[in-house]
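# Report on the structure
Next come the chains, spelled out residue by residue.
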Amino acid sequence: LNQSQREECWIGLDPVTPDLKQEDPFVQNALLDWVKTMQKEYDFDAWRIDTVPYINRTFYKALKKVLKDTYVIGEVATNPMPLELLASYQNTTEAQEKAINGSNNV
């Protein structure tokens, strides 16, 4: 299974497990509008995403922009998951980078 197959999410047993086609602009906009509505209505401060590697990257970046003031966490564990792919889902701040690298000047 490669990353494109994960993001397109047409995998699984027979029959395949279909998913929302997040790479389609109409679907992407509908989902982002829904997220904006939920944020406005419920004023949540965090959003958990299940199986992030199965979300289209373009959509994921757009979702993070919509949720720019919201803490976003997601499951990224797949087997096997190369470290560089896992790390690509992180969006660390300069302070977090310093803490990760052992600097006391955070």
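Now for a look at the structure at hand. Once a new chain begins, its residue numbering starts again from 1 and follows that chain's sequence as written. Two thresholds apply to this predicted model, a pLDDT of at least 70 for residue-level local features and 80 or more for giving and counting side-chain atom pairs, whereas whole-chain, interface and lining totals are computed over all residues. Side-chain metrics rest on all non-hydrogen atoms present in the structure, leaving aside hydrogens and water.

Positive phi, close to 50°, is recorded for D43, a residue that is not glycine. Secondary structure elements follow DSSP: runs of H or I no shorter than four residues count as helices, runs of E no shorter than two count as strands, and numbering proceeds from the N terminus. Note that D43 resides in the loop between α2 (25–42) and β1 (46–49).

Here we come to the environment of Q28. Considering the arrangement of structural elements, one finds Q28 in helix α2. For Q28, a relative accessible area of 14% puts it in the buried group. The spacing of Q28 and T58 is 30 residues in sequence and 9.2 Å in space, taken between C-alpha atoms. Here Q28 is in contact with Q22, T58, F59 and A62, once residues within four sequence places are set aside. At a separation of 3.3 Å, a polar atom in the side chain of Q28 contacts the main-chain carbonyl oxygen of Q22. Per-residue accessibility, obtained with a 1.4 Å probe over protein chains only, is compared with the maximum for each type, and a residue is labelled buried under 20%, exposed over 50%, and partly exposed between these values. Contacts: residue pairs with any heavy atoms within 4.5 Å of one another. As used in this structure description, the phrase polar contact means that two N or O atoms lie within 3.5 Å; if the pair is within protein, one of them must be able to donate a hydrogen and the other to accept it, and residues adjacent in sequence are counted only when both atoms belong to side chains.

This next bit is on the side chain of Q22. For Q22, the position within the fold is in the loop between α1 (3–8) and α2. Of the polar contacts made by the side chain of Q22, one reaches the backbone nitrogen of N56; its length is 3.1 Å. Excluding its chain neighbours within four sequence positions, the residues that come into contact with Q22 are V27, Q28, L31, Y54, I55, N56 and F59.

The criterion is simple. A nonpolar core is a set of buried Ala, Val, Leu, Ile, Met, Phe, Trp, Tyr and Cys residues joined through side-chain atoms within 4.5 Å. By size, the foremost hydrophobic cluster in this structure holds 15 residues, and its most contacted members are W47, I49, F59, L63 and L67. Within the residue set of this core, elements represented by two or more residues are α2, β1 and α3 (57–66). Setting aside chain neighbours within four positions, we find I49 in contact with I55, Y60, L63, V72, I73, G74 and E75.

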